[in-house]
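# Residue-level structure breakdown
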Amino acid sequence: MEARIDPAAELRAMREAVEERIAYWLLEGAARDDKLSAAMRAGALSSGKRMRPLLTMLVARDLGCVSPALVDVACAVELVHASSLILDDMPCMDNAQLRRGQPTVHVQFGEDVAILAAIALLSRAFGILAAAPDIPPAVRARLVGKLSETIGAQGLVKGQFLDLHGKRATVDDIATTNELKTGVLLGVAVDMAAIIAQADDKVAASLRAFALAAGHAFQLRDDFQDVPGNDSAVTGKDTGKDAGKPTLINTVGLDEARRQLAGHLADAERCLGAALGSRQRTRRFVEGLFGGTAAPAFSAAAPSYAPN
Ligand code: GRG
C-alpha cells in the first residue's frame, strides 16, 4: 500500500529545515557575539510565516524535485525577503516600529547596523546559491540571474521606489507598485522551484501567473490588516500606517477591494491548477494562508495525500 504523508507534519519539517539551515548559514564564518550578526539573525530568524521559502519547497516537491539543494535555494529567497523587510521598516522608508511582534531591526540595533545587516543578508543569499550542493552549472546560473533581476531596478527596488516616489494616481499604478513590491518575490519563489525542478516553460508560466495573482491577493490582505481598528498584537505590525496613502482600499473602497481580492484568489487557484493539476502540497498551503480572508476561492482540502 502507498505510504501516506501527514501534510501538517511535512510542512512543519520543511519550516524547521529552512530555519535550521538559515541559522547555520548565518553562523558560518560570523562573529557570533557581534551586533551585526545579532541584527542579521533578528531580521532573518524572527517569527515570520516563511511563506516564500515554503512556496519554493512545496512547488518544487509537487513538481517531483528531490534535489539536496532545494532547502538552500529556499533559504536564499527568504534572506532576500528578510533584507527587504529591514530596509522597508527604516525611518527613511516606512518608518515602522514593530515587525513580527518585535521592535524593528533599526529600533533594536540602530539605523547604521540595520542597513549593514540588510546588505549582508542580501550578499549571503547569493553566497548560498553559489555554494548549494549538486546544482548543474547552467541551472545555478539561471537561479542566480533570476534572483538578481527580481531584486534590482526592474523588481523589488523599483517597487519600493514607486511606493515612495511614484504617482499612484490610478488603480493600474497601484497594481504595478503592488506587483513589484510583493508579487515579484512570490514570483521568484515559484520561478526558483521551476528552475531547480527543470519544469517546462508552460508549467513555469502558469506558476508565475499563480504567484502574481497570489501576490495581489496577499498585498490586499496586508492592506486590510492595516485598516485602523485591527490589533497590532494580532497582526504583529503597526496599523493605520496607510492612512492618506493611495492604497487600493483607500482608492476604490472596502467593498470593491474585497471583490478584487476574490478575483485574484480565483485567478491564483485556476493558474495553480493549470501548473500542478491535482498535486496537493502547494494548494493546501495556499488554502491555509488565505483561509481566513473574506473571500477564500480555494476550497477545503482532504487531510492527507500520497507523496510524489
Ligand atoms: C534590496 C532586498 C532589497 C530591497 C529593497 C525595501 C525594498 C527594496 C522593498 C520592500 C518590499 C517590501 C517589504 C514589501 C512588502 C511585502 C510584504 C507584504 C511583506 C510582508 O510579508 P509576510 O507577511 O511577512 O510574508 P513575514 O513576517 O511573515 O515574513
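For the structure given in this document, a descriptive report is provided here. (Residues numbered from 1 in each chain as written. Predicted model: local features only at pLDDT ≥ 70, side-chain atom pairs only at ≥ 80, totals over all residues. Heavy atoms only, no water.)

### As for the packing of helix α1 (residues 7–27) against helix α4 (residues 70–89)
To keep it simple, the criterion reads: Note on geometry: axes are C-alpha line fits, over the in-contact stretch for helices, and angles between N-to-C directions span 0 to 180 degrees. Helix numbers and strand numbers start at the N terminus; a helix is a DSSP run of H or I with at least 4 residues, a strand a run of E with at least 2. Working rule for angles: under 35 degrees goes down as roughly parallel, over 145 as roughly antiparallel, 65 to 115 as roughly perpendicular, anything else as oblique. By definition in these notes, contact holds between two residues if any of their heavy atoms fall within 4.5 Å. Throughout, the ten residues Ala, Val, Leu, Ile, Met, Phe, Trp, Tyr, Cys and Pro are labelled nonpolar, Asp, Glu, Lys and Arg are labelled charged, and all others, Gly among them, are labelled polar.
Contact geometry for α1 and α4: axes closest at 9 Å, N-to-C directions at 75°. One finds that α1 runs roughly perpendicular with respect to α4. When α1 is examined against α4, the residues A17, V18, R21, I22, W25 and L26 are found in contact with a partner set consisting of V71, D72, A74, C75, E78 and L79. The residue makeup of the contact of α1 with α4, split by class, is nine nonpolar, no polar and three charged.

### Comments concerning the packing of helix α3 (residues 51–62) against helix α9 (residues 171–196)
Which entries qualify depends on this criterion: Definitions for this section: a left-handed crossing has its near helix turned counterclockwise from the far helix by less than a right angle. A right-handed crossing has that turn clockwise.
At a minimum axis separation of 8 Å, α3 and α9 run at an interaxial angle of 30°. As judged from the angle between their axes, α3 and α9 are roughly parallel. Helix-helix and strand crossings are classified by hand; for α3 and α9 the assignment is right-handed. Every residue of α9 that contacts α3 at M51, R52, L55, T56, V59 and A60 is listed here: L185, L186, A189, V190, M192, A193 and I196. Of the residues assigned to the contact of α3 with α9, the class counts are eleven nonpolar, one polar and one charged.

### Things to note about the environment of D34
Examined against the element boundaries, D34 turns out to sit in the loop between α1 and α2 (35–45). Between the alpha carbons of D34 and P136 there is a distance of 36 Å; along the sequence they are 102 residues apart.

### Some remarks on the packing of aromatic side chains
Applied cut-off: A pair of Phe, Tyr and Trp rings is counted when the ring centres sit within 6.5 Å of each other, with Trp represented by its six-membered ring. The angle between the planes then sorts it: under 30 degrees is stacked, over 60 is edge-to-face, the rest tilted. Partly exposed residues are those whose accessible area sits between 20% and 50% of the maximum for their type, while under 20% is buried and over 50% is exposed, using a 1.4 Å probe and protein chains only.
Taken as a whole, this structure holds two aromatic pairs when the rule is applied. Ring geometry for Y24 versus W25: centroids 5.3 Å apart, planes at 65°, classification edge-to-face. Judged by centre distance (6.5 Å) and plane angle (80°), the rings of F218 and F290 are edge-to-face. Of this pair, F218 sits in helix α10 (residues 201–226) while F290 sits in helix α14 (residues 281–290), and the two are 72 residues apart along the sequence. Relative accessible area serves as the criterion here: at 8%, F218 is assigned to the buried category. Using a relative accessible area of 4% as the deciding quantity, one classes F290 as buried.

### Topic: the pattern of salt bridges
Rules: A pairing counts as a salt bridge when a side-chain nitrogen of Lys or Arg comes within 4 Å of a carboxyl oxygen of Asp or Glu.
Enumeration over the complete set of coordinates arrives at 18 salt bridges. Linking K146 and E149 is a salt bridge whose minimum nitrogen-to-oxygen distance equals 3.3 Å. Of this pair, K146 and E149 are both found in helix α7 (residues 137–151), three residues apart, which corresponds to roughly one turn of the helix. Here K146 falls in the partly exposed class, since its relative accessible area comes to 24%. Residue class for E149 comes out partly exposed when judged on its relative accessible area of 49%.

### Describing α1
Applicable threshold: What a helix is expected to span follows from its residue count: subtract one and scale by 1.5 Å. Comment: arc refers to directions from the helix axis out to C-beta atoms. Throughout this description, a polar contact denotes any pair of N or O atoms lying within 3.5 Å of each other; where both atoms belong to protein, one of them has to be capable of donating a hydrogen while the other can accept it, and for residues adjacent in sequence the pair is counted only when both atoms sit in side chains.
With 21 residues, α1 extends 30 Å between its outermost C-alpha atoms, agreeing within 8% with the 30 Å of an ideal straight helix rising 1.5 Å per residue. Buried within α1 we find P7, E10, M14, V18, I22, W25 and L26. The arc enclosing the buried residues of α1, seen along the axis, measures out at 135°, which places them on a common side. Those residues of α1 that are buried are in contact with α2, α3, α4, α6 (111–131) and α14. Of the residues that open α1, the one with a side-chain oxygen 3.1 Å from the backbone nitrogen of A8 is D6.

### Digging into the site of the ligand
Note the cut-off: The near set for a molecule or strand comprises every residue that places at least one heavy atom within 4 Å of it.
Taken together, 21 residues are adjacent to the ligand, and K49, R52, H81, R100 and F218 come closest. Within the contact set of the ligand, an oxygen atom lies 2.8 Å away from a side-chain nitrogen or oxygen of R52. The element best represented in the shell around the ligand is α4, accounting for seven residues. Of the residues contributing to the shell around the ligand, the split by class is nine nonpolar, six polar and six charged.

### Re unusual backbone geometry
Phi is positive for D134, which is not a glycine, with a value near 55°. Tracing the backbone shows D134 in the loop between α6 and α7. With relative accessibility at 64%, the residue D134 sits in the exposed group. Within the chain, Q198 stands out as a residue other than glycine whose phi angle is a positive 50°. On the secondary structure map, Q198 appears in the loop between α9 and α10.

### Brief notes about the environment of A132
For A132, the position within the fold is in the loop between α6 and α7. Put simply, A132 and A205 are 73 residues apart on the chain and 25 Å apart in space, counted from C-alpha to C-alpha. If we skip the residues at most four places from it in the chain, A132 touches A69, D72 and R140.

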